[in-house]
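Chain residues, written in single-letter form:
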Amino acid sequence: LSTYGARRLAESPLTEGIRRLKVNIAALALEDALPLLYSPRLKNRTDLDLLGGGNTLGFGRRYVAALASSPHLAGVTKLKLSTFNVGDEGVASLASSPYLRGLRGLDLNSGMSIHRITPNGVRELCSASFFPRLEWLSLNFQPISTGGAITLAQSASPTLESLHLVGCNITPGGAAALAESPH
């Protein structure tokens, strides 16, 4: 998506009826993406899938902080931030957002990110107001390790139906904690 395209998309009345939106914003500077992230036309979105900047240092954390502070995302129930450099700071932004309380699905797959989600980020995620209502969570290729798996097992959402933890460096002890979780 170009700067011009992001602006046009943010301003277009045609986008108001679109419930699911998938956009690659990797080529945009944060200031060029802000009109889209803060557009009132996003208020009807239930499924938002943003493709990010992969290895670009700081890309994801800044975008995620901006996204989490947008009041127009209150209706989003599914959020995919694949290939963003979310890291623990980005997770903290999402977890503290008053606008994401209705979230039911969250995809934070890392791809080849530099800033990864660690057990500390998992603790932040589990403290989020939306966490008890999550139905699916994907943390593929995030190094949450055994500590993150144990935190998830102890805090798991009672509504969680799908959990994706491929390539997360979880030992048999972490897998056992997940398997034995009453949640």
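Description of the structure in this document. (Residues numbered from 1 in each chain as written. Predicted model: local features only at pLDDT ≥ 70, side-chain atom pairs only at ≥ 80, totals over all residues. Heavy atoms only, no water.)

Here the focus is the pairing of strand E2 (residues 47-51). One face of the sheet, then the other: side chains in a regular strand alternate in exactly this way. Within E2, 4 of the 5 residues are buried, which leaves it mostly tucked inside the rest of the structure. Pairing of strand E1 (residues 20-24) with E2, which is carried by 5 bridges, proceeds in the parallel orientation. Residue pairing in the sheet places Leu 21 in a bridge with Leu 48 of E2. In this view, the connection linking E1 to its parallel neighbour E2 by way of helix H2 (residues 30-37) has right-handed handedness. (Buried < 20%, exposed > 50% of the residue type's maximum accessible area, 1.4 Å probe, protein only. Helix = DSSP H or I, 4+ residues; strand = E, 2+ residues; numbered from the N terminus. Pairing = 2+ DSSP bridges. Right-handed = clockwise from strand over helix to strand, strands pointing away.)

A full pass over the atoms with the stated rule returns 1 cavity of 30 Å³ or more. Taken together, Leu 9, Ala 10, Thr 15, Leu 21, Leu 36, Ser 39, Arg 41, Leu 42 and Arg 45 form the lining of the largest cavity. The residue makeup of the lining of the largest cavity, split by class, is 5 nonpolar, 2 polar and 2 charged. (1 Å grid on protein atoms, 1.4 Å probe; cavity = no way out; pocket = protein on both sides within 12 Å on 5 of 7 lines; lining within 4 Å. Points joined across faces, edges and corners; volume = space filled by probe spheres on them. Nonpolar A, V, L, I, M, F, W, Y, C, P; charged D, E, K, R; others polar.)

With that out of the way, let us pick up the sheet that holds strand E3 (residues 78-80). Within a sheet, each strand pairs with its neighbour through backbone hydrogen bonds, oriented either parallel or antiparallel. Taken in spatial order, the 6 strands line up as E1-E2-E3-E4-E5-E6 in an open sheet, and their pairing is parallel. The sheet is open, and its two borders are formed by E1 and strand E6 (162-164), each paired with just one other strand. Strand after strand, the sheet turns through a mean of 5° between neighbouring axes, direction not considered. Two strands pair when backbone bridges link them, and E3 and strand E4 (residues 105-107) are joined in this way by 3 bridges, in the parallel orientation. Bridge pairing links Lys 78 to Gly 105 in E4. (Axes fitted to C-alpha atoms, helices over the stretch in contact; angles between N-to-C directions.)

The subject of this paragraph is the packing of helix H5 (residues 119-126) against helix H6 (residues 145-155). Between H5 and H6, the shortest axis-to-axis distance is 8 Å and the interhelical angle comes to 15°. Relative to H6, the element H5 lies roughly parallel. Judged by the twist between their axes, the crossing of H5 over H6 is right-handed. Residue-level contacts link Pro 119, Val 122, Arg 123 and Cys 126 of H5 to Ser 145, Gly 147, Gly 148, Thr 151, Leu 152 and Ser 155 of H6. The class makeup of the residues in the contact of H5 with H6 is 4 nonpolar, 5 polar and 1 charged. (Parallel < 35°, antiparallel > 145°, perpendicular 65-115°, else oblique. Left-handed = near helix turned anticlockwise from the far one by under 90°. Contact = heavy atoms within 4.5 Å.)

Before going further, it helps to spend a moment on the pattern of salt bridges. This structure, assessed with the given rule, holds 2 salt bridges. Taking the shortest distance from any N to any O, the salt bridge between Glu 16 and Arg 41 comes out at 2.1 Å. Separated by 25 residues along the polypeptide, Glu 16 in the loop between helix H1 (3-11) and E1 and Arg 41 in the loop between H2 and E2 bring together distant segments of the chain. Here Arg 41 falls in the partly exposed class, since its relative accessible area comes to 23%. (Salt bridge = Lys/Arg side-chain N within 4 Å of Asp/Glu carboxyl O.)

Packing of helix H4 (residues 87-96) against H5 brings their axes to within 8 Å, and their N-to-C directions diverge by 5°. If you check the angle between H4 and H5, you find them roughly parallel. Residues Asp 88, Val 91, Ala 92 and Ala 95 of H4 lie in contact with H5, whose contacting residues are Asn 120, Gly 121, Glu 124 and Leu 125. Considering only residue class, the contact of H4 with H5 consists of 4 nonpolar, 2 polar and 2 charged.

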